[in-house]
Amino acid sequence: MAAKPAPPRWPSDADPVFIAFCEAGLWSGLGKSALTHVPTAGITRPGLITKEALLRIPRVAASRAERLISAWIAATPEYDLAQVIVPAGISAYAVPGLIDALGDAAATVLEDDPWRIVGVRGIDVGQADAVARAMFGGFERDDPRRARALVGEALREDNNNGHTITPLEDVRDSLRTWGIPDADTACQASIDQGLVVHRQFDGYDALSLRVLADDEKSIARDIARLTKSSRKWGTAASLKKVSKGLDSAQSRAVELARTEGVSILTGGPGTGKSRTVGTVVELAEKHSQHIVLAAPTGRAAKRLAELTGMEAMTIHRLLGAQGKEGGFLRGRDEPIEADVVVIDEASMVDVRLAAALLAACEDGTHLMIVGDEAQLPSIGPGRVLADLIDSDAVPVTYLETLYRQAAGGQIAKLAAAVRKGDLPPVEMDESKEVVIVATNGSGQAAHRTVQLVTDSIPRALGIETSEIQVVTPVHRGAAGTKELNYALKQKLNPGPGAVSGFDVGDRVIATANYLDASPTGYANGEVGVITRLSDKGVTVQFASGTADVAGKALRDLVHGWAITVHRAQGSEWQAVVVVAPPEAGRLMSRSLIYTAFTRAQKHLSIVRTPGPALAYAVRERALRPRRTTLAERLRELMPACS
DNA sequence: GCAAGTTA
């Protein structure tokens, strides 16, 4: 690797906005090493950019100097914006995202209304206030523009709890606590601006962000469109042949995937959802129907691929996600090329993603939605799977028979209780299927977790370490994935970790797609083992082949002994150690505990910390009903189907 | 705020 260029040394009279702009890499064509020489070339503010000055930079000849000047001129909207936000303490790195959202006239827009940046790229009202202060020297707390922005802020806060619609009364309360007495005028102003819409919900006045209301509206319309436009594929006779090993509910689900535009397959873990999907794949192949499989997380997609023997990917990849703010390549103009689309682990799909997915399904595409309402809800707003089921607009198959081995065992009993909201005391019996380990806090919990994985479980139950998975709700903290993986590595595969903390023999998991890696590409969610270290990086043996991982890609490779519950959804292991630390806070819910517990096939260790958090989560924190409008919109558009 | 997804 080349030596990093020294950071530029700016004289004290250099323009701070100019410095921030250049150092954020916003002057395109100006590399890090050229930047080092910009101050010495005498360029310390925009007015000093001349061809003569640029020529004083090493390795800059006439043609490059000219290109730099045109690039500078082309970056005028960006620089104008930087002049507005940098003095307010907002990083120049935020500039491109803000230009994306507000357009090339962003600086002018903010001069008219600094609070227009609220909600863009996570910018909050405090930061917008700083922009206003920097621009005008001060402002009134109840400035109408500020009040209008706060309506959006109140809705976004509610969206963070999963709701897509908020009672007007709640918005009034929030505005009052922020010092806006005249909430109704503010709400009306937001509606007039087009960012917020009004709707009756459960008989009271309520508001939604327009984007979310539009998403729910378009999901409902697209479900209706796909339902209407579908034509049957395959034949009843071949269906009968492929579904020989299936029970009657499972075969009905395969039949629906063949005959209906949109269908849902639901049921708890171990009821054969994936097996049923496997049969749909088989039938589709028999009839030369192009079928694609996708799931919300990389790990779930990988698992789906393993179970069906077919390629599967994240929904984002299926849609051609363009990056942070970029939207999707696939959409109405360029739909997904498939006859049948299967989405697994659909409980984790939010309204934004569902709307994008449905828009990208062209008329005639068969969509099969597979998931379990009792498992993790989406991180983003909405409860799309549950709403689709509740609406009665789409045919649903419920799988109820538990096929997983030890169906009458302790794990199954505990899981069934948790699903209903009970956390019964576990009797420690001979089977040692479920073991509760009490600890005094997350530090000790981490310590006991390592003992369980490296010693107790292999010794007492004869389960190999490679078949044991640690699952925790969070990444950070003493009992988060990072610390746990660190501690597990010390025992399971100690070493200096010379390359990015890795040694030969480490279990790793990919957290991003590197489909062009050599010799074999790999996808987010793939699990592997480090087989070689070099001065550049590491070689990983994935199930699909080996890949050399170096440079930036090393950051998207993490140790895989401990993973989050979110990433574990869809996968199973012989033995699972669940850690439930207090740091998980509000993340702890019935669905999270249920998902975590049901990952275990033969043995479940539950590492507890003091306090009622676990019992409280299971008993009281059932997926707090999310307020959404999707089910109602579907009922308005479509007749009940059962 | 936590938790997932993504690229030139």
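Predicted, not measured: the structure shown is a model, and the values here were computed from it.

Enquirer: So what about the overall build of chain A? Which residues, and what values?
Expert: A tally of helices and strands in chain A yields 26 helices and 19 strands. In terms of overall dimensions, chain A has C-alpha extents of about 80 × 65 × 55 Å along its principal axes. In chain A, of all internal contacts separated by at least 6 residues, the share reaching a separation of at least 24 is 70%. Per element, the accessible surface of chain A, about 28,800 Å² overall, is 50% carbon and sulfur. When the 73 positive and 76 negative side-chain charges of chain A are each reduced to one mean point, those points stand 4 Å apart.

Enquirer: So what's going on with helix α24 (residues 590-597)? Residues and values would help.
Expert: The element α24 is extensively covered by neighbouring structure, given that 8 of its 8 residues are classed as buried. Among the residues of α24, those classed as buried are Arg-590, Ser-591, Leu-592, Ile-593, Tyr-594, Thr-595, Ala-596 and Phe-597.

Enquirer: Tell me what's going on with the pattern of salt bridges, and back it up with residues and numbers.
Expert: Two side chains that carry opposite charge are able to pair once their charged atoms sit near each other. Applying the stated criterion across every chain yields a total of 26 salt bridges. The salt bridge involving Asp-222 is made with Arg-225; its shortest N-O contact spans 3.0 Å. With Asp-222 and Arg-225 both in helix α12 (residues 210-229), this residue pair falls 3 residues apart, about one helical turn. For Asp-222, a relative accessible area of 3% corresponds to the buried category. According to the relative accessible area criterion, Arg-225 is partly exposed, its value standing at 22%. Between Asp-390 and Arg-383 there is a salt bridge whose closest N-O contact spans 3.3 Å. Residue classification places Asp-390 among the partly exposed residues on the basis of a relative accessible area of 40%. Members of the salt-bridge network, linked through shared partners, are Asp-222, Arg-225, Arg-332 and Asp-363.

Enquirer: For the protein's contact with DNA strand B, give the residues involved together with the corresponding values.
Expert: The full set close to DNA strand B counts 22 residues, and Gly-298, His-475, Arg-476, Thr-564 and Arg-586 are the nearest of them. Take the atoms of DNA strand B that sit within 4 Å of the protein: sugar and phosphate atoms are 74% of them. Here a phosphate oxygen of DNA strand B sits 2.7 Å away from a polar atom, N or O, in the side chain of Thr-314. Between a base oxygen of DNA strand B and a main-chain N or O atom of Ala-584, the distance comes to 3.3 Å. Residues that form the surface near DNA strand B fall into these classes: 7 nonpolar, 11 polar and 4 charged.

Enquirer: Can you lay out the sheet that holds strand β14 (residues 537-542) for me, pointing to particular residues and giving the numbers?
Expert: In spatial order, the strands read β15-β14-β13-β12-β16; together these 5 strands make up an open sheet with antiparallel pairing. Two strands bound the open sheet, and with one partner strand each, they are β15 (545-550) and β16 (557-559). Sheet twist, expressed as the average angle between the axes of neighbouring strands with direction ignored, equals 40°. As paired elements, β14 and β15 share 6 bridges and run antiparallel to each other.

Enquirer: Could you give an account of the sheet that holds strand β2 (residues 196-201), naming the residues involved and the relevant values?
Expert: One open sheet holds the 3 strands; their spatial order is β1-β3-β2, and the pairing between them is antiparallel. What marks the edges here is a single partner per strand, and that holds for β1 (166-167) and β2. For β1 and strand β3 (residues 204-209), the ladder comprises 2 bridges, and the chain directions are antiparallel. Among the inter-strand pairings, Thr-166 is bridged to a residue of β3, identified as Leu-207. Sheet contacts for α12: β2 and β3; angle to β3, the most-contacted strand, approximately 95°.

Enquirer: Outline the side chain of Thr-266, listing residues and values.
Expert: Assignment of secondary structure puts Thr-266 in strand β4 (residues 262-267). By relative accessible area, which is 6% here, Thr-266 ends up buried. Within polar-contact distance, the side chain of Thr-266 engages the backbone oxygen of Gly-371 at 2.8 Å. When near neighbours in sequence (up to four residues on either side) are disregarded, Thr-266 contacts Lys-273, Gly-371, Asp-372, Glu-373, Ile-389, Val-396, Thr-397, Tyr-398 and Leu-399.

Enquirer: Would you mind going over the nonpolar core in detail, with residue names and values included?
Expert: Most often, soluble globular proteins have nonpolar side chains that are buried together. Judged by nonpolar contacts, the single largest core of 110 residues is most densely connected at Phe-18, Trp-27, Ile-85 and Ile-336. Per-element tally for this core: the top contributor is helix α18 (residues 351-359), with 7 residues. Those residues in contact with Trp-27 that sit more than four places away from it in its chain are Phe-18, Phe-21, Cys-22, Ile-49, Leu-54, Leu-68, Ala-71 and Trp-72. Membership of the second largest hydrophobic core comes to 32 residues, among which are Val-434, Val-471, Tyr-594 and Ala-600.

Enquirer: Help me get a handle on the packing of aromatic side chains, residues and values and all.
Expert: For the coordinates displayed, the defined rule picks out 11 aromatic pairs. Seen in terms of ring centroids, Tyr-514 and Tyr-522 are 5.7 Å apart; in terms of plane orientation they differ by 35°. Their pairing is tilted. On the basis of an interplanar angle of 25° and a centroid distance of 4.7 Å, the ring pair of Tyr-522 and Phe-542 is categorised as stacked. One end of the pair, Tyr-522, is in the loop between β12 (507-510) and β13 (527-533); the other, Phe-542, is in strand β14, and 20 residues separate them in sequence. Comparing Tyr-522 with Phe-542 shows no difference in burial state: the two are buried. Taken together, the aromatic side chains of Trp-10, Phe-18, Phe-21, Trp-27, Trp-72 and Tyr-79 make up a single cluster linked through ring pairs.

Enquirer: Quick rundown of the pairing of strand β7 (residues 340-343)? Include the residues and the values.
Expert: Of the two faces of β7, the one lined by Val-340 and Val-342 and the one lined by Val-341 and Ile-343 are each fully buried. As judged from the 4 bridges shared by strand β5 (residues 291-295) and β7, these two strands associate in the parallel manner. Each bridged residue has a counterpart across the sheet, and for Leu-293 the counterpart in β7 is Val-342. With 4 bridges joining them, β7 and strand β8 (residues 366-371) adopt parallel strand pairing. What sits directly across from Val-341, in β8, is Leu-367. For the handedness criterion, the β-α-β arrangement of β7, α18 and β8 is classed as right-handed.

Definitions and limits used
Residues numbered from 1 in each chain as written. Chains lettered and ligands numbered in written order. Predicted model: local features only at pLDDT ≥ 70, side-chain atom pairs only at ≥ 80, totals over all residues. Heavy atoms only, no water. Helix = DSSP H or I, 4+ residues; strand = E, 2+ residues; numbered from the N terminus. Contact = heavy atoms within 4.5 Å. Areas by Shrake-Rupley, 256 points an atom, 1.4 Å probe, with all protein chains shown as cover. Lys, Arg positive; Asp, Glu negative; His and termini not counted. Charge placed at Lys NZ, Arg CZ, Asp CG, Glu CD. Buried < 20%, exposed > 50% of the residue type's maximum accessible area, 1.4 Å probe, protein only. Salt bridge = Lys/Arg side-chain N within 4 Å of Asp/Glu carboxyl O. Near = heavy atom within 4 Å. Polar contact = N/O pair within 3.5 Å; in protein donor to acceptor, adjacent residues only side chain to side chain. Nonpolar A, V, L, I, M, F, W, Y, C, P; charged D, E, K, R; others polar. Pairing = 2+ DSSP bridges. Axes fitted to C-alpha atoms, helices over the stretch in contact; angles between N-to-C directions. Core = buried A, V, L, I, M, F, W, Y, C linked by side-chain atoms within 4.5 Å. Phe/Tyr/Trp six-rings, centres within 6.5 Å; stacked < 30°, edge-to-face > 60°. Right-handed = clockwise from strand over helix to strand, strands pointing away.

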